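Below, each chain spelled out in residue letters.
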Amino acid sequence: MLYAIIGLVIGCVAGFLLGIWYRKSKAKEAEAKIANADEEALRIVNDAIKSAETKKKEMLLEAKEEILRSRSEYEKEEKSRRADLQRQENRLQQKEENLDRKTEAMEKKEEALAQKHAAMDRENEEIKLIKQSQTAMLEKISGFTVEEAKKYLIDQVESEVTHETALKIKEVESRMKEECETRAREVVAQAIQRCAADQVAEMTVSVVPLPNDEMKGRIIGREGRNIRTIETLTGVDLIIDDTPEAITVSCFEPVRREIARLALEKLIADGRIHPTHIEEMVEKARREVDAVIKSEGERVTFEAGVRGLHPELVKMLGRLHYRTSYGQNVLQHSLEVSRIAGMMAAELGADVQAAKRAGLLHDLGKAVDHEMDGTHVALGVEFARKYKEKEDIIHAIEAHHNDVEPRTVVACLVQAADAISAARPGARRENLENYIKRLEQLESISMSFPGVEKAYAIQAGREVRVMVKPDQVSEDQMVILARDLAKKIEEEMEYPGQIKVHLLRETTAVEYAK
């Protein structure tokens with residue numbers, strides 16, 4: 001046991017000694033490592049110091065170089081700015097010098113102008129004096145005052161202007177005639193040649209033949225009761241005079257006159273003439289006339305080739321069968337206008353159907369102008385608008401007598417066709433009183449112009465020959481006078497067709513041989 005304790009003690013001592021030795025050996029190793037680490041750290045620090053110094057030197061060098069470069073650039077910019085400023089100063093100096101020179105030149109020019117103005121004022125004074133002396137001398141030589149000389153020159157200029165105006169009018173008229181007359185004549189001539197119309201002159205009275213003069217008494221009746229019944233029912237006047245075997249029916253409304261004529265013929269044929277029978281015959285005649293009106297309206301619309309008319313317009317056209325204008329049957333005239341307008345529209349490439357329709361309806365108002373107030377143009381427009389005719393047709397009706405200015409080709413064609421139909425030979429007649437008044441008015445208008453010596457209406461008023469005073473109207477003034485005279489005739493007169501204005505100027509010289 002002792003040995004074991006001794007061994008244990010020895011082992012403990014040996015372990016303790018071994019631990020001390022081990023600790024010492026480890027301490028030596030640590031000291032060695034620390035010494036090495038200190039050396040390494042010292043080396044690293046030294047290296048870092050050396051590297052920092054190197055970097056510092058490099059950075060100092062770079063900073064110095066940057067400073068030098070910036071300084072050189074600044075110096076260059078400064079030099080450039082100074083050079084620009086110098087150049088600007090030089091330019092400003094040059095401009096100032098130029099302005100100084102210009103100012104001096106302007107001052108010299110102003111002085112020169114002032115001198116010239118003064119010289120011109122002196123010259124103007126001299127010119128005025130010379131002009132006054134020359135004017136006085138000219139007045140003395142010519143025998144004219146200044147006002148008289150001005151008047152003389154104005155008269156000369158007016159004469160020249162009149163001459164130029166006359167030449168210009170002749171030139172324009174000649175050119176227009178060359179361009180328009182040939183074509184217009186062709187169109188109108190073709191339309192007239194292709195239109196063949198019969199014309200029958202009609203009166204505002206109708207004559208009913210009687211089998212004997214005894215029938216006059218029976219028509220008059222006891223105390224005039226039969227004739228009063230007839231006149232009351234029909235609205236006409238029966239003229240029973242000394243004309244053998246005839247009674248005249250007078251009325252400006254043609255439909256009533258036709259009803260009375262038919263009723264009288266039926267009464268005469270029947271032989272029974274008393275108020276009751278008269279009423280029956282008048283009613284029967286009225287129905288027959290209404291049938292004729294309808295058939296005539298349908299006939300002309302068919303012959304004209306116009307479709308789609310309102311039935312009331314067809315009846316109004318049929319009433320024109322009994323209406324006359326200056327002896328011309330208005331229904332036949334309307335049909336003729338429709339045909340002529342359609343032919344001219346075809347020649348010109350215009351709307352043929354519209355031209356025919358407007359031509360047929362242009363005198364529509366004459367069917368009722370005896371019964372209603374207003375012109376036949378206004379009444380025709382009213383009824384055409386009432387029965388929904390197109391605006392171009394209504395405008396053509398309204399413009400065919402220039403109540404409004406024609407704005408369409410169709411309106412112009414209807415106007416021309418109306419004039420052609422009314423003015424052709426034999427189409428119309430007028431009573432002697434109106435004819436004489438028209439001739440007198442034509443001569444009166446011609447004589448109203450200054451310088452006219454005599455005026456004669458010839459060729460049934462189709463031409464007026466005007467004698468002018470040669471000492472008052474020159475040849476150039478004749479052209480203007482003829483134009484003014486024609487314009488005044490157009491404005492103040494109504495006439496079919498056209499009137500030729502023919503001016504004559506005769507210069508005579510008389511001398512006696514002794």
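For the structure, check the block above.
Residues numbered from 1 in each chain as written. Predicted model: local features only at pLDDT ≥ 70, side-chain atom pairs only at ≥ 80, totals over all residues. Heavy atoms only, no water.

Undergrad: Looking at this model, I keep getting lost on the overall build of the protein. Mind explaining?
TA: Within the protein, the secondary structure is distributed over 14 helices and 8 strands. For the protein, with 514 residues in total, the buried portion stands at 29%. Taking all contacts inside the protein whose residues are at least 6 apart in sequence as the whole, residues at least 24 apart take part in 62%. On the protein, roughly 34700 Å² of surface is accessible, and the fraction owed to carbon and sulfur atoms is 55%. (Helix = DSSP H or I, 4+ residues; strand = E, 2+ residues; numbered from the N terminus. Buried < 20%, exposed > 50% of the residue type's maximum accessible area, 1.4 Å probe, protein only. Contact = heavy atoms within 4.5 Å. Areas by Shrake-Rupley, 256 points an atom, 1.4 Å probe, with all protein chains shown as cover.)

Undergrad: Any chance you could explain the pairing of strand E7 (residues 463-468) here in plain terms?
TA: Two faces belong to every sheet, and in a regular strand the side chains alternate between them. Pairing of strand E6 (residues 452-458) with E7, which is carried by 6 bridges, proceeds in the antiparallel orientation. The residue of E7 that forms the bridge with Val-452 is Val-468. Pairing analysis gives 6 bridges linking E7 to strand E8 (residues 500-505), with the strands arranged parallel. Bridge pairing in E8 places Val-468 opposite Arg-505. (Pairing = 2+ DSSP bridges.)

Undergrad: Hey, could you run me through the sheet that holds E8 in this one?
TA: Strand pairing in a sheet is mediated by backbone hydrogen bonds. Such pairs are either parallel or antiparallel. With respect to topology, 3 strands assemble into an open sheet ordered E6-E7-E8, the strand pairing being mixed. The open sheet is flanked by E6 and E8, the only strands paired with a single partner. Adjacent strand axes in the sheet meet at a mean angle of 20 degrees, parallel and antiparallel pairs treated alike. (Axes fitted to C-alpha atoms, helices over the stretch in contact; angles between N-to-C directions.)

Undergrad: Honestly, helix H9 (residues 352-361) in this entry has me stumped. Any pointers?
TA: Count 3.6 residues to each turn of an α-helix, and residues three or four apart come out pointing the same way. Most of H9 sits inside the fold, with 7 of its 10 residues counted as buried. Within H9, the full set of buried residues consists of Ala-354, Ala-355, Arg-357, Ala-358, Gly-359, Leu-360 and Leu-361. For H9, the side-chain oxygen to backbone nitrogen distance between the N-cap and Gln-353 is 3.3 Å, and the N-cap itself is Asp-351. (Polar contact = N/O pair within 3.5 Å; in protein donor to acceptor, adjacent residues only side chain to side chain.)

Undergrad: Honestly, a nonpolar patch on the surface in this entry has me stumped. Any pointers?
TA: There is a patch of nonpolar side chains on the surface, built from Ile-5, Val-9, Val-13, Phe-16, Leu-17 and Ile-20 and spanning about 540 Å² of accessible area. Among the secondary structure elements, Ile-5 is positioned in helix H1 (residues 2-142). (Patch = residues over 30% accessible without salt bridge, like charges linked within 9 Å, V, L, I, M, F, W, Y side chains within 5 Å. Salt bridge = Lys/Arg side-chain N within 4 Å of Asp/Glu carboxyl O.)

Undergrad: What's the story with the nonpolar core in this structure? I'm lost.
TA: Burial of nonpolar side chains together is a common tendency in soluble globular proteins. Counting residues in hydrophobic clusters, the biggest one holds 32 residues, and the most contacted among them are Leu-309, Met-316, Leu-317, Leu-360, Leu-361 and Leu-364. Residue assignment for this core shows that the elements contributing at least two residues are helix H6 (275-304), helix H7 (311-319), helix H8 (330-348), H9, helix H10 (376-386), helix H11 (391-399) and helix H12 (409-423). Examining the composition of this core, we find that 5 residues originate from one element, H11, more than from any other. For Met-316, the residues in contact, after removing those within four places along its chain, are Leu-364, Ala-367, Val-368 and Phe-383. Residues Ile-219, Val-236, Leu-267 and Val-289 belong to the second largest nonpolar core, which totals 27 residues. (Core = buried A, V, L, I, M, F, W, Y, C linked by side-chain atoms within 4.5 Å.)

Undergrad: How should unusual backbone geometry be read in this particular structure?
TA: If a residue is not glycine, its phi is most likely negative; likewise, a peptide bond is most likely trans. Unusually for a residue other than glycine, Glu-223 sits at a positive phi of about 55 degrees. Mapped onto the secondary structure, Glu-223 falls in the loop between helix H3 (214-220) and helix H4 (225-234). According to the relative accessible area criterion, Glu-223 is exposed, its value standing at 72%. Phi angles above zero are rare outside glycine, and Lys-388 is one such case at about 65 degrees. Summarising the element assignment, Lys-388 is placed in the loop between H10 and H11. Relative accessible area serves as the criterion here: at 73%, Lys-388 is assigned to the exposed category.

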